[in-house]
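# Overview (structure and organization)
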Amino acid sequence: MPVDRKSLFKRVPSGIPGFDDLIEGGFPENTTVLVAGGTGTGKTTFAAQFIYRGAELYDDPGVFVTLEERAKDIRREVKSFGWDFKKYEDEGKIVIIDGVSSSVGLPSEEKFALEDKFNVDNFLRYVYRVVKSINAKRLVIDSIPSLAFRLAEERQIREVLLKLNTILLEMGVTTVLTTEAPAPQEGRISRYGIEEYIARGVVLLDLQERNIELKRYLLIRKMRETKHSMRKYPFEITSDGIVVYPSGEIY
Ligand SMILES: Nc1ncnc2c1ncn2[C@@H]1O[C@H](COP(=O)(O)OP(=O)(O)OP(=O)(O)O)[C@@H](O)[C@H]1O
Ligand SMILES: [Mg+2]
């Protein structure tokens, strides 16, 4: 009898229409997935959708660590997709950790915020505490480069990512990390060239010119424990968020 692969690993649906069909129903539970892409390719939207739909459709508590944009800017931006983060924050199902205000020396108006004196161990400890406090099943860190900029030396990022990886496995969360993708000719997938090694899945978001128009594409570069194709799939950012077209032709 053929093995029903879906039953082998518990799946965590991304909440992105069309995408889960490409990865046997969702991310393998308790894995770290890297979403890499250039600027404006949809990394933050992907990550926010994972958290929001997780709470809305699957009742999964989630933590969103924002290191690039203030929490209030994220809340405002995702409203354009009809996502009311505040509602789930009030219910204790979503927490946004503001990692921006402190980095520019402003007091945060947020309930959950990083301290001004950034220190890796404190950062990891704080995220761990918040994840445990709401029993989060999903976690986002947006983004790795902005985390690296907060370190005394950028090359410490390697050590931080290895530590982070162990802690994530320990916490039992399914995590989306976002990172910048260098130009393809550089031959690396991610900015530091280490992110993809700690991640068990890598999703690349891309913009390509077709008939004087930029089109969005997504490639599942790796997803352990999962049968997936290596083709690029078109996707769109719509008023409901990201939608992937699994049978869509490259247009
Ligand atoms: N309501 C919306 N409807 C359709 N498209 C939108 C909407 N809001 C944003 N977008 C598109 O999404 C893009 C931004 O996506 P997002 O912020 O997720 O990208 P990113 O990869 O995180 O970018 P950055 O490098 O700036 O962090 C915008 O440039 C715009 O094209
Ligand atoms: Mg972003």
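Use the structure listed above.
Anyway, here's the lowdown on the structure attached to this text. (Residues numbered from 1 in each chain as written. Chains lettered and ligands numbered in written order. Predicted model: local features only at pLDDT ≥ 70, side-chain atom pairs only at ≥ 80, totals over all residues. Heavy atoms only, no water.)

Moving on to the nonpolar core. Counting residues in each nonpolar core, the largest one holds 39 residues, and the members touching the most others are Val63, Val65, Ile97, Phe123, Val131, Leu139 and Ile157. Contributing elements (two or more residues each) for this core: β3 (32-37), β4 (62-66), β5 (94-98), α5 (120-133), β6 (138-142), α6 (144-149), α7 (157-171) and β8 (201-210). A per-element tally of this core places α5 first, with seven residues. Excluding residues that lie within four positions of it along the chain, Val131 makes contacts with Val63, Ala136, Leu139, Met171 and Val173. Within the second largest apolar cluster, 36 residues are counted, among which are Val12, Phe85, Ile94 and Val140. (Core = buried A, V, L, I, M, F, W, Y, C linked by side-chain atoms within 4.5 Å. Buried < 20%, exposed > 50% of the residue type's maximum accessible area, 1.4 Å probe, protein only. Helix = DSSP H or I, 4+ residues; strand = E, 2+ residues; numbered from the N terminus. Contact = heavy atoms within 4.5 Å.)

Turning to the sheet that holds β8, a few remarks are in order. Read from one edge to the other, the open sheet built from nine strands follows the order β5-β4-β6-β7-β3-β8-β9-β10-β11, with strand pairing classed as mixed. In the strand order of this sheet, the two ends are held by β5 and β11 (241-244), each with one partner. If you compare each strand with its neighbour and ignore which way they point, the axes differ by 25 degrees on average. Set on the sheet, helix α2 (residues 43-58) makes contact with β3, β4, β5, β6, β7 (174-180), β8, β9 (213-223), β10 (232-238) and β11; between it and β6 the angle comes to about 160 degrees. (Pairing = 2+ DSSP bridges. Axes fitted to C-alpha atoms, helices over the stretch in contact; angles between N-to-C directions.)

What follows concerns the layout of surface pockets. What the largest pocket holds in volume is close to 390 Å³. For the largest pocket, the lining is made up of 20 residues, of which Ala181, Pro182, Pro184, Leu204 and Asp206 are closest to its centre. Mapped onto the lining of the largest pocket, the elements with two or more residues apiece are β3, β8 and β9. For the lining of the largest pocket, the residue count by class is ten nonpolar, six polar and four charged. What the second largest pocket holds in volume is close to 280 Å³. Looking at the lining of the second largest pocket, the elements with two or more residues in it are α2, α3 (71-79) and β7. Here the element with the most residues in the lining of the second largest pocket is α2; it accounts for four residues. In the lining of the second largest pocket, the residues fall into five nonpolar, nine polar and five charged. (1 Å grid on protein atoms, 1.4 Å probe; cavity = no way out; pocket = protein on both sides within 12 Å on 5 of 7 lines; lining within 4 Å. Points joined across faces, edges and corners; volume = space filled by probe spheres on them. Nonpolar A, V, L, I, M, F, W, Y, C, P; charged D, E, K, R; others polar.)

Looking at where Asp142 falls in the secondary structure, it is placed in strand β6. Note: C-alpha distance between Asp142 and Phe19 (123 residues apart in sequence) is 20 Å. Contact partners of Asp142, with chain neighbours within four places excluded, come to Thr44, Phe64, Val65, Thr66, Leu67, Glu68 and Thr178. Here Thr178 takes part through its side chain, which lies 2.6 Å from a polar atom of the side chain of Asp142. (Polar contact = N/O pair within 3.5 Å; in protein donor to acceptor, adjacent residues only side chain to side chain.)

Lining the immediate environment of ligand 1, one finds 14 residues, of which Gly40, Lys43, Thr44, Thr45 and Arg216 sit closest. Thr45 places a side-chain nitrogen or oxygen 2.5 Å from an oxygen atom of ligand 1. The separation between an oxygen atom of ligand 1 and a polar side-chain atom of Glu68 is 3.5 Å. Against a free-state accessible area of 650 Å², the protein chains account for coverage of 63% of ligand 1. Secondary structure elements with two or more residues in the shell around ligand 1: α2 and β10. Broken down by element, the shell around ligand 1 gets its largest block of residues, three residues, from α2. For the shell around ligand 1, the per-class residue count stands at two nonpolar, nine polar and three charged. (Near = heavy atom within 4 Å. Areas by Shrake-Rupley, 256 points an atom, 1.4 Å probe, with all protein chains shown as cover.)

Before going further, it helps to spend a moment on the environment of Ala183. Structurally, the position occupied by Ala183 is in the loop between β7 and α8 (195-198). Distance in space between the C-alpha atoms of Ala183 and Gly38 is 8.3 Å, their sequence separation being 145 residues.

Take α7 next. Since the α-helix turns once every 3.6 residues, residues separated by three or four places project in the same direction. Taking 1.5 Å of rise per residue, the 15 residues of α7 would be expected to cover 21 Å, and the 20 Å separating its terminal C-alpha atoms lies within 8% of that figure. Within α7, the full set of buried residues consists of Ile157, Val160, Leu161, Leu164, Asn165, Leu168 and Met171. Looking straight down α7, one finds that the buried residues subtend no more than 140 degrees of arc, so they occupy a single side. Exposed and facing more than 90 degrees away from the buried side of α7 are Arg158, Thr166 and Glu170. As for α7, its buried residues are in contact with β3, α5, β6, α6, β7 and α8. (Expected span 1.5 Å × (residues − 1). Arc of directions from axis to C-beta.)

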